[in-house]
Amino acid sequence: MKRIIILIATALAFAVAASAQTAQEIAAKMEQELAKGDTQGIAFTFDMKIPLIGTASTRLSYLGDKDRMDINFKDDVKTVWRDKDTTWTYENNTVTVQIEPRKEDKDNRSMFKGLTNGYKVSIKGETADTWQIRCKKDKSNTDKDAPSKKTIFVSKETFLPVTYPLKKGAFKMTARDYVLGVSEDEVTFTPDKVNGAPITDKR
């Protein structure tokens, strides 16, 4: 009986310690975990709700200078693999692959780097599994694309973001389900991954 009481007291002590962390400490730990994506790789899902059209959902996976995008928008389903020079696009509907030089575009890695940079953070609330970190844009933040405020739901187990909603104009966006650890195979195109689909090389 005494042993059970000690175990319960220990568990409660850990719970109190976790809940006693400040918003700044939680945000700092989250940024440390996200930074591991540079070496371990990282994956997350990005949803964009487009008015009158629907929601486009993309699972993004990054490792070094390679990435993979699994895109699902209504009937348009495709998988895109990229390295620093080349893009491979597998069109699920037409069952074809196109190889092209990689084009310069916006780097979505900003979705997992410096999420709280230029923001004042506070704890908005918490559940048994997550903290709700409120981020309010600081006056020193000159990034015009940065939202004025956002709330990041942070896992108490992993310190990774569980979800955070964003809004830009009429577009509602959500980043969610962050996971550390991406294999080389996941972000590398090989013909066996497209079930014999014909390949057109446009490089």
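Residues numbered from 1 in each chain as written. Predicted model: local features only at pLDDT ≥ 70, side-chain atom pairs only at ≥ 80, totals over all residues. Heavy atoms only, no water.

> In this structure, what is going on with the pattern of salt bridges? I would like to understand it.
Between side chains of opposite charge, pairing is possible as soon as their charged atoms come close. Summed over all chains, the structure comprises 15 salt bridges. A salt bridge links Asp67 to Arg82, with the nearest nitrogen and oxygen atoms 3.0 Å apart. Highlighted residues: Asp67 in strand E3 (residues 66–73) and Arg82 in strand E4 (residues 76–82), separated in sequence by 15 residues. As far as the burial class goes, Asp67 and Arg82 line up, both buried. As a salt-bridge pair, Lys78 and Glu91 come within 3.4 Å of each other at their nearest N and O atoms. In this pair, Lys78 sits in strand E4 while Glu91 sits in strand E5 (residues 86–91), placing the two residues 13 residues apart along the sequence. Judged by relative accessible area, which is 19%, Lys78 ranks as buried. (Salt bridge = Lys/Arg side-chain N within 4 Å of Asp/Glu carboxyl O. Helix = DSSP H or I, 4+ residues; strand = E, 2+ residues; numbered from the N terminus. Buried < 20%, exposed > 50% of the residue type's maximum accessible area, 1.4 Å probe, protein only.)

> Looking at this model, I keep getting lost on the environment of Asn72. Mind explaining?
Following the sequence through the fold, Asn72 ends up in strand E3. The sequence separation of Asn72 and Ala56 amounts to 16 residues, and the corresponding C-alpha distance is 6.0 Å. Each residue touching Asn72, except ones within four places of it in the same chain, is listed here: Thr55, Ala56, Ser57 and Val77. (Contact = heavy atoms within 4.5 Å.)

> What exactly am I supposed to notice about the packing of aromatic side chains here?
Centre-to-centre distance and the angle between the planes together describe a pair of aromatic rings. A full pass over the atoms with the stated rule returns 6 aromatic pairs. Taking 5.3 Å as the distance between ring centres and 65° as the angle between the ring planes, the aromatic pair formed by Trp81 and Phe189 counts as edge-to-face. Of this pair, Trp81 sits in strand E4 while Phe189 sits in the loop between strand E11 (171–180) and strand E12 (199–201), placing them 108 residues apart in sequence. In this structure, Trp81 and Phe189 share a single accessibility class: buried. Aromatic rings pair up to connect Phe44, Tyr62, Tyr164 and Tyr178 into one cluster. Sitting over the ring of Phe159, Lys29 keeps its end group 5.9 Å from the ring centre. (Phe/Tyr/Trp six-rings, centres within 6.5 Å; stacked < 30°, edge-to-face > 60°. Lys NZ or Arg CZ within 6 Å of the ring centre and 35° of its normal.)

> What's the story with the pairing of strand E10 (residues 161–168) in this structure? I'm lost.
Remark: a regular strand shows side chains that alternate across the two faces of the sheet. With 2 bridges joining them, strand E9 (residues 149–155) and E10 adopt antiparallel strand pairing. Within E10, the residue paired with Phe153 across the bridge is Thr163. In this antiparallel pair of consecutive strands, E9 and E10, the connection spans 5 residues, and Phe159 shows a positive phi of 65°. Direction of pairing for E10 relative to E11: antiparallel, over a ladder of 6 bridges. Its bridge partner being in E11, Lys168 is matched across the sheet by Phe171. Adjacent in sequence and paired antiparallel, E10 and E11 are bridged by 2 residues, among which Gly169 carries a positive phi angle near 65°. (Pairing = 2+ DSSP bridges.)

> What exactly am I supposed to notice about the pairing of strand E2 (residues 54–63) here?
By the bridge criterion, 9 bridges tie strand E1 (residues 42–50) to E2 in an arrangement that is antiparallel. Counterpart to Thr45 in the pairing with E2 is Arg59. Between E1 and E2, which pair antiparallel one after the other, the connecting turn spans 3 residues, and Leu52 there sits at a positive phi close to 70°. Both E2 and E3 contribute to a ladder of 7 bridges, which runs antiparallel. Note on E3: the bridge partner recorded for Ser57 is Asn72.

> Can you walk me through a positive patch on the surface in this structure?
A contiguous patch of positive charge, built from Lys124, Arg134, Lys136, Lys139 and Lys149, is present on the exposed surface. Within the secondary structure layout, Lys149 lies in strand E9. (Patch = residues over 30% accessible without salt bridge, like charges linked within 9 Å, V, L, I, M, F, W, Y side chains within 5 Å. Areas by Shrake-Rupley, 256 points an atom, 1.4 Å probe, with all protein chains shown as cover. Lys, Arg positive; Asp, Glu negative; His and termini not counted. Charge placed at Lys NZ, Arg CZ, Asp CG, Glu CD.)

> I'm lost on the environment of Lys136 in this one. Help?
By the secondary structure assignment, Lys136 is in strand E8 (residues 130–137). With 20 residues separating them in the primary sequence, Lys136 and Thr116 have C-alpha atoms 9.0 Å apart.

> What is the right way to read the sheet that holds E10 from this model?
Across a sheet, paired strands are connected by hydrogen bonds in the backbone, their directions being either parallel or antiparallel. Pairing is mixed across the open sheet formed by 12 strands, whose spatial order is E7-E8-E9-E10-E11-E1-E2-E3-E4-E5-E6-E12. In this open sheet, the two strands that pair with only one neighbour each are strand E7 (119–126) and E12. Between one strand and the next, the sheet's axes are offset by a mean angle of 20°, whatever the strand orientation. As defined by bridge partners, E5 adjoins strand E6 (residues 96–101) across 6 bridges and the pair is classed as antiparallel. (Axes fitted to C-alpha atoms, helices over the stretch in contact; angles between N-to-C directions.)

The quantities given are spatial measurements derived from coordinates; they are silent on function.
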